[in-house]
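Overview (structure and organization)
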Amino acid sequence: MKKELAKIYEPALFEDNIYRLWEDSGFFNPDNLDLPAGAPSYTIVLPPPNITAKLHLGHSAMLAIEDLMIRYHRQNSYRALWLPGTDHAAIATQNMVEKKIFSETGKTRHDLGRKVFLEEVDKFVAETQATILHQIRKMGASLDWSRLAFTLDSPRQQAVQRMFLDMYNEGVIYRGERIVNWCPRCHSTLADDEVEYKEQSAFLYTFKYDPNFPIAISTTRPETKLGDTAVAVNPKDERYQQYIGQEYEVNFCGQDLRIKIIADYNVEMDFGTGALGVTPAHSAVDWQMAEAQSLPKIKVINEDGLIREGFGEFSGLSVIAAREKVVASLRNQGLMIKEEEIVNNLSCCYRCDNPIEPLPSRQWFIAVDKPLARLQGKSLKEAAIAAVREGEIKFLPERFNKRYLDWMENLHDWCISRQIWFGHSIPAWYRGEEIYVGEEAPAAEGWIKDNDTLDTWFSSGMWTFSTLGWPDNFKDGIKTGDLTRFHPTQVLETGYEILTLWVSRMVMMSFFALGEKPFSQVYLHGTILDKNGKKMSKSKGNGVDPLEVIAKYGADAVRLSLLMGATPGNDSRYSEEKIESKRNFINKLWNISRFILNNLDDEILSTPIDVLPEAKSLSDNWILGELLSTRKTLATSLSDFNFSFAAETLYDFTWNKLADWYLETTKIEKGKETILVFILKNLLIMWHPFIPYVTEAIWQSFNNTLLMVEPWPKLANKLDYWINNPGKEADFSFVQEAIIAIRNARSENKVEPARKLQALVTGPKSELLLSQAPLIKGLRTGIESLLATDGPPDGQAIKVVLRDVDIYLLGAVDPEKEKARLRKEKENLLNLISGLRAHLENQEFIDRAPAHIVQAEKDKLARYEIELEKIRASLGV
RNA sequence: GGGCUCGUAGCUCAGUUGGCUAGAGCGUUACGUUGACAUCGUAAAGGUCACCCGUUCGAGUCGGGUCGGGCCCACCA
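Residues numbered from 1 in each chain as written. Chains lettered and ligands numbered in written order. Predicted model: local features only at pLDDT ≥ 70, side-chain atom pairs only at ≥ 80, totals over all residues. Heavy atoms only, no water.

In a beta sheet, neighbouring strands are held together by backbone hydrogen bonds and run either parallel or antiparallel to one another. Reading across from one edge, S6-S5-S14-S16 is the order of the four strands in this open sheet, with antiparallel pairing throughout. Whereas interior strands pair on both sides, the edge strands pair on one side only; in this sheet they are strand S6 (188–190) and strand S16 (414–415). Looking at chain direction, strand S14 (residues 357–366) and S16 are connected through two bridges and run antiparallel. Each residue of the ladder has a partner; that of Phe-365, found in S16, is Cys-415. (Pairing = 2+ DSSP bridges. Helix = DSSP H or I, 4+ residues; strand = E, 2+ residues; numbered from the N terminus.)

Below you can see the structure in the form of structure tokens.
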């Protein structure tokens, strides 16, 4: 039974009910879809949002794009799985909760203790997670909630522990030292992106270690020079060639040092003296040089930012105090050559603003260069590079291939341990110098658990397979269950800013665990900026709450506004006007449907959808051709990830072709019911992945089935007929141009309502129109001759008629001007033709270009030649 | 410093491997409608496609350079 549609579409009245209807149907879960056994899978894992805060518009855009892909494939008989989840975001979450507790109670995490603090974090996580899941549902996202995951829930914890053990046993995970960013005040390490650089003025001191040392060095931190073991120069620097490889015993401010002169390309020749004192223990770059050259590493500074024991008068001093003392000593000895004030970047803690101290520290690492038997001798890095280079994994836009490969090729071992409390624990135990790795502590006494946790990207790197039942679904190298059916996934859709942080890690982790890629295609979306092109952020207060705009305009309008005008990898701007215009469109679609449904009865509505109705007039022919070519464009643009273009094509068809023209003709011409119902059903099916709510709401008013699982009708063979039908374009322009002609002709008199003319002029009722418009005799003859033609009308013929009509009606066209225009056009065509001929005679082009391009060029040439003939004829040549 | 990217109408952006008179939405103006449509329709105005040079029969599109935004990475010891 058909239900009456209201005059205005009010999203709030429908959305929640429809979401419930979808969810209750069970079809979000691909296991419940009625599909043949061999149906291909289509899997997307949702990039798990951080549970630090509620979602913003960027997330909404992500959801809109992914839901579009999933719904489209679900309709088209794929085993479509979209897997939801959230990320524990270790550091970010811990900071958030620490701040919250501190502002509420004035207590730090140390005051609470590890256990109580983690309970607080869990409370926070539960709250935000509920908010986030609610927001996701409001967007209409068709996620399979039965598979909901969290990077720190129990199945994921088991997976992470197992991964750590496997990697450790394979020698991929090892414990080693490296320079970390240490905040002496917070007593914790900082990730590279938590370090903030601040410009400050500092003194650059140039001096010699002692009078017998041949080279002067420059530094802003003389106190660290107590730990120097080398001086590095650029290998191309002629000044120092003779010293390279030599070793010197020096006494620097009372400390005996052994300094080797080494060559390294990282040294800039024109900075300072072009010679760099290498302090392996207190500079990341120097550490690398020391590793490369096997230099000893002397620790000078301790975890409190004080000079360590064993440095005589300097021991126990702060770095600043030690610096003053060293400088004074150098001045006294006459070793100081130059002191100049410069501006440099100071590394600071993002939390407390204090300068950070690079310190060596024992950490857990993943060896990215270790050859692995399970990867046929390739290292993780090599496997991850090969997958992209050989095209197994593709990026969109393609330019991110380069960024990925550049980053991968320069990748060093990945430090995975973090000195924070919230996160996956490290399954390692220590007793003195002994290390044991395993989930349970060894039976013997005295073993102490590793206190650190894992980098959050360790667990999110496993996201594509930890969510599909790994490791239980992976026995003896063979995938079972969900892993067989859904891995590798088809598409990873995410923001380009986490390409290196996340995407690259997923590739390595998947190759290690399963020996296969995690996904085939990576679609990278841009960032949603505010109206002025600025990033949205809490501190600026320019963020937009998706729930608010959904409440105001409906989820469909928000989705469509985020999909249209957004291209992969490019940022797009948010504006409320844009949402408003999409809201208006959705209402238009509602009213188109309402208009059609009001003119139909129940029987016709049950017409099978895969029966192409018969076209009885030019306008029928035209609109069906447009519908089917729109559908074709839509399918190709969707498979090319050209979402914006897909939506625009459909939008243009719906509004400019269907509503503005065809529906108007049906107000005059009756008997279009079967065509209208065919168009309406197809229209709703095609729009559904973009704007699921309104389309489902309309569909439900006259169907018992769910639009969500309504397949696109099979019309392939018919499609070609309509697309190749040359009448389809002509009819439209013919009508339009006729209207213009009529209006121009009658500008002095009263004008017939344009839309009536539009309708009348196309069909059998044109007689009526013509009798009312005696002025347009030329048009009449034209129409009559066209109507008399059998078969599809010739577009060119229509154009010729129209030109005649134009000239006749206006009487104002200067024949000379027209001739001049034609001459110019002729000139143009001649140029085109000779160019195309030359092109086609070029053997290189014929050999190298794909066949369809060559054919297209040939077709073009043929068209131009025909056109040229016509112009020649009208010029009387 | 290295790399990437963008510059098209007042604003936000399309422009599908170079092709006929460069498009859309919003905004502006005029006229017409208000029995599918918080309207809607028809039209108008508005662009040296940042600039220069080159390749080509032909450049918004390809190459080189200049200017101006944005992003990423590295980082001055």
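That was the structure; now back to the text.
Moving on, we come to the sheet that holds strand S13 (residues 336–349). If you walk across this open sheet you meet the three strands as S8-S7-S13, and the pairing is antiparallel. Each having just a single partner strand, strand S8 (217–219) and S13 make up the two edges of the open sheet. Mean inter-strand twist for the sheet, computed between neighbouring axes without regard to direction, equals 25°. Looking at chain direction, strand S7 (residues 195–207) and S8 are connected through three bridges and run antiparallel. Looking at the pairing, Tyr-205 lines up with Thr-219 of S8. Lying over the sheet, helix H8 (residues 319–333) contacts S7 and S13, oriented at roughly 170° with respect to S13. (Axes fitted to C-alpha atoms, helices over the stretch in contact; angles between N-to-C directions. Contact = heavy atoms within 4.5 Å.)

With that settled, consider the side chain of Asp-166. Assignment of secondary structure puts Asp-166 in helix H6 (residues 154–169). Residues contacting Asp-166, with those up to four places away along its chain left out, are Trp-470 and Phe-512.

On to the pairing of strand S25 (residues 519–525), then. Within S25, six of the seven residues are buried, which leaves the element mostly enclosed by the surrounding structure. Here strand S15 (residues 394–396) runs beside S25; their pairing, made up of three bridges, is parallel. The partner of Lys-394 across the bridge, within S25, is Gln-521. Bridge analysis of strand S24 (residues 489–495) against S25 gives six bridges, and the strand direction is parallel. Counted as the bridge partner of Leu-492 is Val-522 from S25. The β-α-β motif built from S24, the intervening helix H14 (residues 499–514) and the parallel element S25 has right-handed crossover chirality. (Buried < 20%, exposed > 50% of the residue type's maximum accessible area, 1.4 Å probe, protein only. Right-handed = clockwise from strand over helix to strand, strands pointing away.)

Ranked by size, the top nonpolar core spans 106 residues in total, and within it Ile-136, Leu-658, Trp-687, Phe-690 and Ile-691 carry the most contacts. It is helix H21 (residues 673–687) that provides the largest number of residues to this core, a total of eleven residues. Those residues within four positions of Leu-658 in sequence are excluded, and the remaining contacts are Ile-592, Ile-623, Phe-653, Leu-663, Ile-679 and Leu-683. (Core = buried A, V, L, I, M, F, W, Y, C linked by side-chain atoms within 4.5 Å.)

Checked against the element boundaries, Asn-266 lands in the loop between strand S11 (255–263) and strand S12 (275–278). Sequence spacing of Asn-266 and Val-233 is 33 residues, and the spatial spacing of their C-alpha atoms is 8.6 Å. Look past the residues within four positions of Asn-266 in its chain and what remains in contact with it is Val-285 and Met-289.

Within this structure, the stated rule accounts for 31 aromatic pairs. Judged by centre distance (5.1 Å) and plane angle (25°), the ring pair of Trp-22 and Tyr-693 falls under stacked. Of this pair, Trp-22 sits in helix H1 (residues 11–25) while Tyr-693 sits in helix H22 (residues 692–700), placing them 671 residues apart in sequence. Across the ring face of Trp-287, the terminal group of Lys-297 is positioned such that the distance to the ring centre comes to 4.1 Å. The ring of Phe-512 carries Arg-374 above its face, with NZ or CZ at 4.0 Å from the centroid. (Phe/Tyr/Trp six-rings, centres within 6.5 Å; stacked < 30°, edge-to-face > 60°. Lys NZ or Arg CZ within 6 Å of the ring centre and 35° of its normal.)

Before going further, it helps to spend a moment on H21. It helps to recall that an α-helix has 3.6 residues per turn; residues three or four apart then point in one direction. In this model H21 runs 21 Å from its N-terminal to its C-terminal C-alpha over 15 residues, within 8% of the 21 Å that 1.5 Å per residue would give. Counting buried residues along H21, 13 of its 15 residues qualify, which places the element largely inside the surrounding structure. (Expected span 1.5 Å × (residues − 1).)

What follows deals with the packing of helix H5 (residues 114–138) against helix H15 (residues 546–553). Packing of H5 against H15 brings their axes to within 10 Å, and their N-to-C directions diverge by 30°. Our pair here, H5 against H15, has a crossing hand that is left-handed. When H5 is examined against H15, the residues His-134, Gln-135 and Lys-138 are found in contact with a partner set consisting of Pro-546, Leu-547 and Ile-550. In terms of residue class, the contact of H5 with H15 is built from three nonpolar, two polar and one charged. (Left-handed = near helix turned anticlockwise from the far one by under 90°. Nonpolar A, V, L, I, M, F, W, Y, C, P; charged D, E, K, R; others polar.)

In this fold, Glu-339 is placed in strand S13. Its relative accessible area of 33% is what places Glu-339 among the partly exposed residues. In this structure, the C-alpha to C-alpha distance between Glu-339 and Val-327, residues twelve residues apart in sequence, is 9.8 Å. Those residues in contact with Glu-339 that sit more than four places away from it in its chain are Leu-204, Tyr-205 and Arg-331. There is a polar contact of 2.9 Å between the side chain of Glu-339 and the side chain of Arg-331. (Polar contact = N/O pair within 3.5 Å; in protein donor to acceptor, adjacent residues only side chain to side chain.)

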